Amino acid sequence: MSAARVFSGDTDAAPSAEQPWNDAHERVRELVRELARELGPHPERFFSYARSYDSGNAEEDRYLRLKEEHSLNVLFAAGRIAAEEPVFTPPALRRALLLAALYHDLARFPQYARFKTFSDPRSFNHGHMASREIGRLNLLADESVAVARMARAAVALHNRFSLPAGIPADLRRVTQALRDADKLDILRIMHDALRPGIPVDATILLHVADSSDFTPKILEAVRTRRMASYTDLKTNTDFRLLLCGWFYDLTYPASRRMAVASGVYTELTALLPDHPALNSFAKNFHADLERA
């Protein structure tokens, strides 16, 4: 199935055995039809690159399809943020954000093909590598210099634990929106992977243990409304807590509204083990969600 058909909104290009995307793809098509007119050749470039890493093994390639779907969902969320937040009224900021959203995980395809993991510590920094690939392949050569530089920089920075001080204000706005959009869809992916009765997928859950135990350092971070670090993850309970901490790193009101409306956080906290410290955190966390 060609990228042109998917991005044209062709109803015959719906999920199939060749492209087994779930209902999330249905959500993105409505917006992507409109965004395609802005993105021009970029969707085709993205899909061409992604599919070049197919192995022909359906079991392995499903992880590449997951990253395709994720990239489209991040584009969808970025488009909503751009539409709802006045700061993205300038065309250059909007375009840089949309391009960065489409290409932000470009390096996930060679990462999985080479290392069979999405763990950066086990392979390479996928943000830096994606920005390098964009430059190596001249994917943004037909964009203005300002847009291309901003999009590439946002891609390089999107997976940093925190953004460096002193970066230009427009780059910070674009990168923060990209990070928000990225988190919104990873919430969906991880929540699906963390459902009760679902076999633990080490690739998606970054090789954590299936356990009700939790790491005090993780809980302390989210209890104090901070993001926890991936490096402290040990169990899937830790992962649920870490995802809750992401709420406090969402920059834009539109992003927080989307996170709450998704219902994911309500379900994630419902799956936390019955423990006084976790129960206290969940109560306070829900109060924060209600104020969003």
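Look above for the structure.
Residues numbered from 1 in each chain as written. Predicted model: local features only at pLDDT ≥ 70, side-chain atom pairs only at ≥ 80, totals over all residues. Heavy atoms only, no water.

Asks: Lay out the pattern of salt bridges in plain terms, naming residues and giving numbers.
Replies: In total, this model carries 26 salt bridges according to the counting rule given. With a shortest N-O distance of 3.7 Å, K116 and E60 are connected by a salt bridge. Taken together, the residues span a long stretch of sequence, with K116 in the loop between α6 (108-115) and α7 (126-136) and E60 in helix α4 (residues 58-84) at a distance of 56 residues. You can call E60 partly exposed: its relative accessible area is 27%. (Salt bridge = Lys/Arg side-chain N within 4 Å of Asp/Glu carboxyl O. Helix = DSSP H or I, 4+ residues; strand = E, 2+ residues; numbered from the N terminus. Buried < 20%, exposed > 50% of the residue type's maximum accessible area, 1.4 Å probe, protein only.)

Asks: Can you lay out the packing of helix α8 (residues 145-157) against helix α9 (residues 169-193) for me, pointing to particular residues and giving the numbers?
Replies: Contact geometry of α8 with α9 gives a least axis separation of 9 Å together with a crossing angle of 50 degrees. With respect to α9, the axis of α8 lies oblique. Once α8 is placed against α9, the crossing between them reads as right-handed. Contacts from M150, A153, A154, V155 and L157 of α8 reach α9 at D170, L171, V174, T175, L178 and R179. (Axes fitted to C-alpha atoms, helices over the stretch in contact; angles between N-to-C directions. Parallel < 35°, antiparallel > 145°, perpendicular 65-115°, else oblique. Left-handed = near helix turned anticlockwise from the far one by under 90°. Contact = heavy atoms within 4.5 Å.)

Asks: Tell me what's going on with the packing of aromatic side chains, and back it up with residues and numbers.
Replies: Where two aromatic rings form a pair, the distance of their centres and the angle of their planes describe that pair. Counting across every chain of the model gives 16 aromatic pairs. A ring pair is formed by Y230 and W246, whose centres lie 6.4 Å apart and whose planes are at 80 degrees; its orientation type is edge-to-face. Residue Y230 is located in the loop between α10 (216-223) and α11 (236-246), and its partner W246 is located in helix α11; the two are separated by 16 residues in the primary sequence. Residue classification places Y230 among the partly exposed positions, given a relative accessible area of 40%. Taken together, the ring pairs connect F247, Y248, Y265, F281 and F285 into an aromatic cluster. When the ring centre of Y63 is taken as origin, the NZ or CZ atom of R62, which lies over that ring, is 4.4 Å away. The aromatic ring of W246 is capped on one face by K183, whose charged end is 5.7 Å from the ring centroid. (Phe/Tyr/Trp six-rings, centres within 6.5 Å; stacked < 30°, edge-to-face > 60°. Lys NZ or Arg CZ within 6 Å of the ring centre and 35° of its normal.)

Asks: Would you mind going over the side chain of T117 in detail, with residue names and values included?
Replies: You can see T117 is positioned in the loop between α6 and α7. Of the residues examined, T117 reaches a relative accessible area of 2% and is grouped as buried. Side-chain polar atoms of T117 contact the backbone nitrogen of S119, separated by 3.0 Å. A distance of 3.3 Å separates polar atoms of two side chains, one belonging to T117 and the other to H207. Each residue touching T117, except ones within four places of it in the same chain, is listed here: Q111, Y112, R122, S123 and H207. (Polar contact = N/O pair within 3.5 Å; in protein donor to acceptor, adjacent residues only side chain to side chain.)

Asks: Can you explain α10? Please cite residues and give values.
Replies: Those residues of α10 that sit buried are I218, L219, A221 and V222. Angular distribution of buried residues about the axis of α10 spans 160 degrees; they occupy a single face of the element. In α10, the exposed positions angled more than 90 degrees off the buried face are occupied by P216 and K217. On its buried side, α10 packs onto α11 and α14 (276-291). Looking one or two residues beyond α10, the residue adopting positive phi is R225, at roughly 60 degrees. (Arc of directions from axis to C-beta.)

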